[in-house]
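What follows is the residue order along each chain.
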Amino acid sequence: MTSGGWQWQNPLPQGDPLYGIHFAKDKLRGLAVGADGTILRTSDGGFRWEKSESPAKAALSAVYLLDRETAIAVGARGTILRSTDGGKKWQTVAAAVHEHFYGIAFSPDPRTGYICGSNGALLRTADGGETWTPLVSGVTTQLLKVAALDGGIAAVSGTAGVVLVTADGGATWTKNTLCDGALVSSIALQKNGTFLAAGFGGCVERSTDFGKSWNSIRLFSKSDMLAAAFAPGEAKGVITDANGTFWLTGDAGVTWIPFAVRTDPKVVDIFFGDEFTGWAVGENGLILRTDDRGYSWQRLSSGGRDDVNDIAFQTDDIGIAVGANGRIWLTNDGGRAWLPVYSETEADLNSVMFFDGQRGWVAGSDGTILRTINGGASWGKGDTHVTQDLTSVYFVTERTGFAVGENGMILRTDSGGATWEQQESGTRLWLEDVKFFDEKRGIAVGDRGVIITTEDGGLSWKAVKTNVRENLFSVSFYGDKTGFAVGENGIILRTDDGGQTWKDQESPTPNTLFAVTYFNEKNAVAVGKLGTVVMTENGGANWFAAPSFTGKLLQAIVYRGGTNVWAAGRGGMILKRNEPLAAGGYSPAKLPPTLRERPRLDAKPRKPVITLTDDGDIPAALPPKKIN
C-alpha cells in the first residue's frame, strides 16, 4: 500500500493504527479508518483491501456505511468526509463546529445520523449526511461513541462516566454518570431497550429500560474495556479489553465469559454484520474477522507486528530485520516478502550487522549475542557472560567485533562472536551505538550526550567533551573523519576529526531521532519519533524535514540509492521508497583496509533452516471456498 513516496512492506495492507470499521448489509463492502487519514476499503468481506486517498490527512476515528455506496467518515479537527461510490473517492462536508469528532452512527433510517466529539460536541443529520446541525448536549466532556436505535432513540458515551440518552431525536438529552466517573469507551443498544456501556477499570453497566436506570455487571477484571458490540437483533455480544481479551455474552450482557486471543491484540472497534460474522480493528493496522459469533478470530491483515528495532541490506534484494521478542526476518526480494527465522531466543533484538554476505551478528537484551555464517538462515548464541542489555554491535573484521549497551557496557570478541570479554568504558551511562574505523580506532555514543573514543582497540576509552545533555542514539561516518550523531529532541551533532570534537547542527525538528546514515559525501538521512525523516544534501550545513508518511516511531534506516531505501520501527513497520528520497546517489566511503583471514563472502538468497509454521500470532483468515 503506497502513499507519500513510501509503500508498506510490513504489516499489510498497512501498519498505522485503525480506529473504526463498518460494513454494508451485504457483508462484502466494508471500510476501515485510522491514523494519518488512513482509509481502507474492501469488496470481498475483508480478505483484500485497497487504500483510498483522504482529502484530509487528519486522524479518522469512525466510519459508517449507509449502503453499498454511501459512507461517512469523521475525525480530528472537525473532519467529516462523505463518499457516494463505496469509499473510492471522498468529499469534505462542512461542519458547523470545529471539534475533534470521535463517533458516528445512523438509525435504521439512513437519513438520520449523529456525530459526537470533543467538548460535548453533538451533530445530527436528517439528509443522509449531506448536512449536519449542531445539537445541545449539555456537557463539555469528550464524547467518544454514539449509537442510534431508531429515529428518536440514541445514546452517547464519553469521559468522566458520561452517558447521554435521547428519546426525541436529539432535541433533549438525559445525562447519566456511570463507571464511578471513569471513561466510558463504548455504548451498544438493542431493540428491546437493553443498553450496554463499557468503560475503563473493568466497568460494564447495563440498562433494560432504554437507559433510564443502570446496573453494574461484575466481570472480576480491572482491565480497561475498549469496544462493545451486539449482533443485530441478537442477545449475543462482545467486549474487548486493553489486555487483548475478548469477553462474550449470550444473554444480552447479564453474564460474560473471557476468551484469550493470541498476541493480546488491542482492539478498539467491533462491528457485527449478523449473528455469526463480525470484524474488528486495532493497533498496528490489525484487522480481524470472526465467523462464529466471536469465539475465534482470524487475521485479515498479514505480517508480524513485533517492533522492528534494526534493519540491514547486504544487496538491493537481500536484507534482514530484527526486533522484539527474538524476531528475525529475512528477505530475498527487496522486502516484498519477509520470512520469519528461528532465533532460539525471546530476548529483544536491538542491532544487526553483517561483515559480508554470510557472516553476521545480532545484539539484544539480557546480554544476548547471536551469530550466523549462512546469511541469517540459522543462528547460534555467543557467550558474553553478562546479563546487561546490549544496544549495538559492530565488526571490523570477520573475527574482531564490539558490542555496547547498559551501564556503559562494552564487549570485545576476537573469535567471530563465539566468546566475548568485557572492557572498561569509563562511564556507567547507557551506550546506544558503536562504530569502528579499523581494529584500533572506534567511537561510542549514548545517554546524556556521552561520547567516548578509543585508539587502542578498546583497551582504553576517552570521554569527548560535547556540552550536550541529550541522549544520543545513533552515529554514522563518511570515511573516518566526517560523521553525525543524532538523538533526543532532534539534536544533530557533526564531527570533522573522527569524533574528537563535535558541533551542534541546526535541526529542523524537535522530535527525537533514533537512527542516522551517511550515504555519500554530501548526503545523510535520519529518522525518529512520529515518523520523522530529516535530510541534508550539503554535508550538514542545512537539514530539512521530508514529508511525513506515518505518525509511528521509526528506529532504523537503510539507504542504498534510488528507491532502495527502507525505514523500520514500531509495530512491525517496514517501509520502502517507491520514488527517490534524495538527489544524491549511494557511494559509501572506502575506509582504510583491514587485515582479513578470508575474502568477503557474497550475499546469496537463503531460506530459514528451521521453517516457522506457527509464528505465535493470530491465525490468518482464509476466504471461504466457492462451491461450483
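Structure's up top.
Here we summarise the structure given alongside this text.

Calculation rules
- Residues numbered from 1 in each chain as written.
- Predicted model: local features only at pLDDT ≥ 70, side-chain atom pairs only at ≥ 80, totals over all residues.
- Heavy atoms only, no water.
- Helix = DSSP H or I, 4+ residues; strand = E, 2+ residues; numbered from the N terminus.
- Buried < 20%, exposed > 50% of the residue type's maximum accessible area, 1.4 Å probe, protein only.
- Contact = heavy atoms within 4.5 Å.
- Areas by Shrake-Rupley, 256 points an atom, 1.4 Å probe, with all protein chains shown as cover.
- Pairing = 2+ DSSP bridges.
- Phe/Tyr/Trp six-rings, centres within 6.5 Å; stacked < 30°, edge-to-face > 60°.
- Disulfide = S-S within 2.5 Å.
- Axes fitted to C-alpha atoms, helices over the stretch in contact; angles between N-to-C directions.
- Polar contact = N/O pair within 3.5 Å; in protein donor to acceptor, adjacent residues only side chain to side chain.
- Salt bridge = Lys/Arg side-chain N within 4 Å of Asp/Glu carboxyl O.
- Patch = residues over 30% accessible without salt bridge, like charges linked within 9 Å, V, L, I, M, F, W, Y side chains within 5 Å.

## Some words on the overall build of the chain
Stage number 1. The number of helices and strands found in the chain is zero helices and 57 strands.
Stage number 2. Residue burial in the chain is summarised as follows: out of 628 residues, 61% are buried.
Stage number 3. Here the analysis covers contacts within the chain between residues at least 6 apart in sequence; of these, 44% occur between residues at least 24 apart.
Stage number 4. Summed over all atoms, the accessible surface of the chain reaches about 25100 Å², with 48% contributed by carbon and sulfur.

## Here we look at the pairing of strand S17 (residues 162–166)
Stage number 1. Counting buried positions along S17 gives five out of five residues, so the element sits mostly inside the fold.
Stage number 2. Of the two faces of S17, the one holding Val162, Leu164 and Thr166 and the one holding Val163 and Val165 are both buried throughout.
Stage number 3. Examined bridge by bridge, strand S16 (residues 154–158) and S17 share four bridges and lie antiparallel to one another. Pairing of serine 157 across the sheet is with valine 163, part of S17.
Stage number 4. Counting the residues that bridge the hairpin from S16 to S17 gives three residues, and of these alanine 160 lies at a positive phi of roughly 60°.
Stage number 5. Where S17 lies against strand S18 (residues 174–177), four bridges are found, and the strand directions are antiparallel.

## Looking at the packing of aromatic side chains
Stage number 1. One pass over the full model with this rule turns up 26 aromatic pairs.
Stage number 2. With 6.4 Å between their ring centres and 80° between their planes, phenylalanine 23 and tryptophan 49 make a pair best called edge-to-face. Note that phenylalanine 23 is positioned in strand S3 (residues 18–23) and tryptophan 49 in the loop between strand S5 (39–42) and strand S6 (50–52), a separation of 26 residues in sequence. Here phenylalanine 23 and tryptophan 49 have matching classes, each one buried.

## Concerning the state of the cysteines
By definition, a disulfide links two cysteine residues through a covalent bond between their sulfur atoms.
Stage number 1. One pass over the structure, following the stated rule, counts one disulfide.
Stage number 2. The residue that forms a disulfide with cysteine 179 is cysteine 203, at a sulfur-sulfur distance of 1.9 Å. Measuring handedness by torsion sign, the sulfur bridge of cysteine 179 and cysteine 203 sits at about -75° and is left-handed. You can see cysteine 179 sitting in the loop between S18 and strand S19 (184–189) and its partner cysteine 203 sitting in strand S21 (residues 203–207), a full 24 residues away along the chain. Judged on exposure class, the residue cysteine 179 and its partner cysteine 203 are both buried.

## A word on the sheet that holds strand S50 (residues 503–505)
Stage number 1. Pairing in this open sheet of four strands is antiparallel, and the strands run S47-S48-S49-S50 from one edge to the other. Strands with a single pairing partner mark the edges of an open sheet, and in this sheet they are strand S47 (472–478) and S50. The sheet shows a mean angle of 25° between the axes of neighbouring strands, direction not considered.
Stage number 2. As paired elements, strand S48 (residues 482–487) and strand S49 (residues 492–495) share four bridges and run antiparallel to each other. Its bridge partner lying in S49, phenylalanine 484 is registered against arginine 494.

## Focus: unusual backbone geometry
Stage number 1. Residue asparagine 10 is joined to proline 11 through a cis peptide bond whose omega torsion reads -20°.
Stage number 2. Among the secondary structure elements, proline 11 is positioned in the loop between strand S2 (6–10) and S3.
Stage number 3. Here the residue pair leucine 12 and proline 13 is connected by a cis peptide bond, since its omega of 10° sits within 30 degrees of zero.
Stage number 4. Inspection of the secondary structure assignment puts proline 13 in the loop between S2 and S3.
Stage number 5. Although it is not a glycine, aspartate 366 adopts a positive phi angle of roughly 60°.
Stage number 6. The residue aspartate 366 is located in the loop between strand S36 (360–364) and strand S37 (369–372) in this model.

## A word on the sheet that holds strand S11 (residues 101–106)
Stage number 1. Pairing in this open sheet of four strands is antiparallel, and the strands run S11-S12-S13-S14 from one edge to the other. Since the sheet does not close on itself, it has two edges, and those belong to S11 and strand S14 (133–135), each with one partner. On average, adjacent strands in this sheet sit at an angle of 25° to one another, irrespective of strand direction.

## What to know about the side chain of threonine 38
Stage number 1. For threonine 38, the location among the structural elements is in the loop between strand S4 (30–34) and S5.
Stage number 2. With relative accessibility at 2%, the residue threonine 38 sits in the buried group.
Stage number 3. Polar side-chain contacts of threonine 38 include one of 2.6 Å to the backbone oxygen of alanine 35.
Stage number 4. Apart from residues lying up to four places away in sequence, threonine 38 is in contact with Gln14, Asp16, Leu18, Ala32, Val33, Lys51 and Leu60.

## Focus: the pattern of salt bridges
Stage number 1. All chains considered together, the criterion is met by 24 salt bridges.
Stage number 2. Aspartate 269 is the partner of lysine 145 in a salt bridge, and the nearest nitrogen-oxygen pair spans 3.2 Å. In this pair, lysine 145 sits in strand S15 (residues 143–148) while aspartate 269 sits in strand S27 (residues 267–272), placing the two residues 124 residues apart along the sequence. Comparing lysine 145 with aspartate 269 shows no difference in burial state: the two are buried.
Stage number 3. Close ionic contact of arginine 577 with glutamate 579 constitutes a salt bridge, the shortest N to O distance being 3.8 Å.
Stage number 4. One network of salt bridges, in which partners are shared, links Arg299, Arg305 and Asp617.

## Examining the environment of tryptophan 329
Stage number 1. Locating tryptophan 329 in the fold gives a position in strand S33 (residues 328–331).
Stage number 2. Taking C-alpha positions, tryptophan 329 is 4.4 Å from proline 340, a pair spaced 11 residues apart along the chain.
Stage number 3. Filtering out sequence-adjacent residues up to four positions away, tryptophan 329 remains in contact with Asp306, Asp307, Val308, Gly319, Ile320, Ala321, Val322, Gly323, Trp338, Leu339 and Pro340.

## Things to note about the environment of phenylalanine 220
Stage number 1. With respect to the element layout, phenylalanine 220 can be found in the loop between strand S22 (215–216) and strand S23 (225–230).
Stage number 2. Assessed through its relative accessible area of 69%, phenylalanine 220 is described here as exposed.

## Notes on a nonpolar patch on the surface
Stage number 1. A cluster of nonpolar side chains, namely Tyr342, Val609 and Ile610, defines an oily patch on the protein surface of about 290 Å² accessible area.
Stage number 2. Looking at where valine 609 falls in the secondary structure, it is placed in the segment after strand S57 (574–577).

## Section: the environment of aspartate 264
Stage number 1. Tracing the sequence through the fold places aspartate 264 in the loop between strand S26 (257–260) and S27.
Stage number 2. Take aspartate 264: its relative accessible area is 48%, and that puts it in the partly exposed class.
Stage number 3. It is 18 Å that separates the C-alpha atoms of aspartate 264 and methionine 573, two residues lying 309 residues apart in sequence.
Stage number 4. The contact partners of aspartate 264, leaving out residues within four places of it in the chain, are Asn243 and Gly244.

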